[in-house]
Amino acid sequence: MHARVTPELLQRLDRPGPRYTSYPTVPAWTAAFGPADWRAALIDLASQPRREVSLYVHLPYCVKRCHYCGCNAAIPERRADVDRYLDHLERELDLVAAVVGRRKVVQMHWGGGTPNFQTDAQLRRTWSLIADRFELTGEISLECDPRAGRADQPHLLRELGFNRISLGVQDFDPRVQDAIGRRQPEQVTRRFVAACRAARFESVNLDLVYGLPHQTPAVFGESLQKVIDLAPDRLAVFGYAHVPWAKPHQAVIDPATLPSSWERFALYQQAVETLSDAGYVWIGLDHFARPGDDLAIALGERRLHRNFMGYTTRPSLDMLAVGNSAIGEVCDRFAQNATLVGAYEASVASGDLPVVKGLRLTDDDRFRRAVILHLMCNLELPWDLPAALPGRSVLDLVPGVMDQLAPLAVEGLITLDDAGLQVTALGRYFLRNVAMVFDAYLATGEHEPRYSRTV
Ligand SMILES: C[S@@+](CC[C@H](N)C(=O)[O-])C[C@H]1O[C@@H](n2cnc3c(N)ncnc32)[C@H](O)[C@@H]1O
Ligand code: SF4
């Protein structure tokens, strides 16, 4: 039995909100946190040489910008721009490694942009830049655009050491693809998935997006069926974030072609139901995994974690991050690099860490982070969450929280008892709304307009 949401309930709950890949979320960070503060965090990490880390590497370049794109992507004028970018990445890696030393990296992810836009020589070089400075083991993943992939590319990526791969699909329908400026023939996706299988990746993920122009239940249903036929190990189904004030290139998408908020929600629910019926386990907000997949097993064993890369089976690790716009988290500090490639390169060239904003967490931030991330992963919250503050209750530490939770219980999104709260089958669709109750920064309303919608 699937939970039923009514248009009235949706109307009451559909408001902008964060996706909580971190807490406090990026709009609460400050430009007063700069390179010196981040260096201090790296020095703290250096004092714990055995501490394992994860590493995020941002590779921004794509062939052409898709109209709907919300990523920090860039279009190079010439191929040599990529080499120049890699020269700067090398300098940044040197700056970081000089402080933290040769670390064991147990999780690495290359995101973008389109990491596989690089030529084979550039891919090999990027890999070496990192492998020369860090000891790489564990989960090693990257994002790829099937349109940019060459037939033998998955073999090269496997040979380099990647064991997980994530491919952008979004929607198979040609009309939707035209409206989002992304022509991706079905055969191109099929061939690339087959090549990834032949190269024996441990896990192949496909990305879909709901809420795109011209998407109807019939159109999206076909895309879901095609994706199920491709049998990925994991799927991410993101809600289209239409934020033309932040991403002006999205303005070419005619808002009249976008589904209404109820239609958009129906597409989300359709994805959840279709993929669940096909045997996928719904993970957190927007991920799905086969029952035998690590993520699904970790969910069952309450070992799931969440960070800037999404859901993960690794306990919260410090995350080093390199490249433009990359976000890191080390020793209770967050930092983000300069967003635009030019500003990033100029900063690195001056010999400084390219950090433009960040935050040092207070005790209250740390406590609420543990609460929100636990909720986003495990769909429940014990009042005496040990990871938050041993011996203290969430009810004492978040003043007035019951007054805010009670209406959500009345709506049927959560159940409350003496031990804690449980998110119901209905409440799963509104997980972000439940998490928002514990967000101290939203109380001011200051950051709301910057987020996309919760469902
Ligand atoms: C860096 S891209 C993946 C790799 C490659 N660049 C591609 O597009 O195939 C990351 C993913 O973010 C999602 N995405 C991009 N823009 C989005 C938006 N405005 N709203 C929601 N999801 C978006 C897409 O599903 C996309 O596959
Ligand atoms: S969606 Fe992917 S391929 Fe398209 S512009 Fe964004 S990062 Fe590049």
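Residues numbered from 1 in each chain as written. Chains lettered and ligands numbered in written order. Predicted model: local features only at pLDDT ≥ 70, side-chain atom pairs only at ≥ 80, totals over all residues. Heavy atoms only, no water.

Attention now moves to the overall build of the protein. When its secondary structure is counted, the protein shows 15 helices and 17 strands. Compactness check: the protein gives a C-alpha radius of gyration of 21 Å against a globular reference of 23 Å for 455 residues, within 12% of the reference. Principal-axis analysis of the C-alpha atoms places the extent of the protein at approximately 60 × 50 × 40 Å. With 455 residues in all, the protein has 56% of them scored as buried. (Helix = DSSP H or I, 4+ residues; strand = E, 2+ residues; numbered from the N terminus. Rg over C-alpha atoms; globule rule 2.2 N^0.38 Å. Buried < 20%, exposed > 50% of the residue type's maximum accessible area, 1.4 Å probe, protein only.)

Attention now moves to the site of ligand 1. In the vicinity of ligand 1 lie 20 residues, with Tyr68, Glu143, Gln170, Arg182 and Asp207 positioned nearest. Tyrosine 68 places a main-chain nitrogen or oxygen 2.8 Å from a nitrogen atom of ligand 1. Within the backbone of glycine 70, one N or O atom sits 2.9 Å away from a nitrogen atom of ligand 1. Burial of ligand 1 by the surrounding chains reaches 90%, relative to a free accessible area of 560 Å². Every element with two or more residues in the shell around ligand 1 is listed here: β3 (135-144), β4 (164-170), β5 (203-210) and β6 (234-239). Class assignment for the residues of the shell around ligand 1 results in eight nonpolar, eight polar and four charged. (Near = heavy atom within 4 Å. Polar contact = N/O pair within 3.5 Å; in protein donor to acceptor, adjacent residues only side chain to side chain. Areas by Shrake-Rupley, 256 points an atom, 1.4 Å probe, with all protein chains shown as cover. Nonpolar A, V, L, I, M, F, W, Y, C, P; charged D, E, K, R; others polar.)

Between helix α5 (residues 153-160) and helix α7 (residues 186-198), the least distance of the axes is 8 Å, while the angle of their chain directions is 35°. The chirality of how α5 crosses α7 is right-handed. On α7, the residues touching Gln153, Pro154 and His155 of α5 are Phe192, Ala195, Cys196 and Ala198. In terms of residue class, the contact of α5 with α7 is made up of five nonpolar, two polar and no charged. (Axes fitted to C-alpha atoms, helices over the stretch in contact; angles between N-to-C directions. Left-handed = near helix turned anticlockwise from the far one by under 90°. Contact = heavy atoms within 4.5 Å.)

All chains considered together, the criterion is met by 18 aromatic pairs. Relative to phenylalanine 334, the ring of tryptophan 29 has its centre 5.0 Å away and its plane inclined at 10°; by these criteria the two rings are stacked. Separated by 305 residues along the polypeptide, tryptophan 29 in the loop between α1 (7-13) and α2 (35-46) and phenylalanine 334 in strand β13 (residues 333-337) bring together distant segments of the chain. The buried category is assigned to phenylalanine 334, whose relative accessible area is 0%. Between tyrosine 85 and tyrosine 344, the aromatic rings sit 5.6 Å apart at their centres with planes inclined by 35°, giving tilted as the arrangement. With tyrosine 85 in helix α3 (residues 80-100) and tyrosine 344 in helix α11 (residues 341-349), the pair connects residues that are 259 residues apart, well separated along the chain. (Phe/Tyr/Trp six-rings, centres within 6.5 Å; stacked < 30°, edge-to-face > 60°.)

What follows is about the pattern of salt bridges. Taken as a whole and judged by the stated rule, the model has 31 salt bridges. The partner of glutamate 345 in a salt bridge is arginine 84, and the shortest N-O contact between them spans 2.7 Å. Of this pair, glutamate 345 sits in helix α11 while arginine 84 sits in helix α3, and the two are 261 residues apart along the sequence. Overall, glutamate 345 belongs to the buried group, its relative accessible area being 8%. For the salt bridge of arginine 164 with aspartate 294, the shortest nitrogen-to-oxygen distance reads 3.2 Å. Placement of arginine 164 in strand β4 and of aspartate 294 in helix α10 (residues 294-300) is noted, with a sequence separation of 130 residues between them. On the accessibility criterion, arginine 164 (9% relative accessible area) is buried. Overall, the relative accessible area of 36% leaves aspartate 294 in the partly exposed class. Connected through salt bridges with shared partners, the residues Glu77, Arg78, Asp81, Arg84 and Glu345 form a single ionic network. (Salt bridge = Lys/Arg side-chain N within 4 Å of Asp/Glu carboxyl O.)

Time to look at the packing of α3 against helix α4 (residues 120-131). Two elements in contact, α3 and α4, have axes separated by 10 Å at closest approach and are oriented at 5°. Classed by the angle they form, the pair α3 and α4 counts as roughly parallel. When α3 is examined against α4, the residues Val82, Asp83, Leu86, Asp87, Leu89, Glu90 and Leu93 are found in contact with a partner set consisting of Gln122, Arg125, Thr126, Leu129 and Ile130. Classifying every residue of the contact of α3 with α4 by side-chain character gives six nonpolar, two polar and four charged. (Parallel < 35°, antiparallel > 145°, perpendicular 65-115°, else oblique.)

On to the nonpolar core. Within the largest apolar cluster, 125 residues are counted, with the highest numbers of intra-cluster contacts made by Met108, Trp110, Phe134, Ile165, Leu320 and Phe438. Looking at which domains feed residues into this core, each of domain 1 (25-320) and domain 2 (362-441) supplies at least three. Look past the residues within four positions of tryptophan 110 in its chain and what remains in contact with it is Val57, Leu59, Pro115, Gln118, Leu123, Thr126, Trp127, Ile130, Ser141, Leu142, Glu143 and Phe162. Listed in part, the 13 residues of the second largest apolar core include Cys62, Ile180, Leu212 and Leu258. (Core = buried A, V, L, I, M, F, W, Y, C linked by side-chain atoms within 4.5 Å. Domains from an automatic or database assignment.)

Strand order in this open sheet of three strands is β15-β17-β16, and the pairing throughout is antiparallel. Because the sheet does not close on itself, it has two edges, and the strands there are β15 (380-382) and β16 (414-416). Put simply, the sheet's adjacent strands are angled 15° from each other on average, direction ignored. In this structure, β16 lies alongside strand β17 (residues 420-423), joined through three bridges in antiparallel fashion. Bridging across to β17, isoleucine 414 finds its partner in valine 423. With respect to the sheet, helix α12 (residues 363-378) is in contact with β15 and β17, its orientation differing from that of β15 by roughly 135°. Sitting on the sheet, helix α14 (residues 401-410) is in contact with β16 and β17, with an inclination near 125° to β16. (Pairing = 2+ DSSP bridges.)

Let us now look at helix α9 (residues 261-277). Along an α-helix, residues three or four apart share an orientation, since each turn contains 3.6 residues. In this model α9 runs 24 Å from its N-terminal to its C-terminal C-alpha over 17 residues, within 8% of the 24 Å that 1.5 Å per residue would give. Regarding α9, the residues found buried are Arg264, Phe265, Leu267, Tyr268, Gln269, Gln270, Ala271, Val272, Glu273 and Leu275. Against the buried residues of α9 lie α1, β5, α8 (217-230), β6, β7 (281-283) and β8 (287-289). Of the residues trailing α9, glycine 279 is marked for its positive phi of about 100°. (Expected span 1.5 Å × (residues − 1).)

Taken together, Cys62, Lys64, Arg65, Cys66, Tyr68, Cys69, Ala73, Gly113, Thr114, Asp145, Arg147 and Arg182 make up all the residues around ligand 2. Taken together, the residues of the shell around ligand 2 sort by class into five nonpolar, two polar and five charged.

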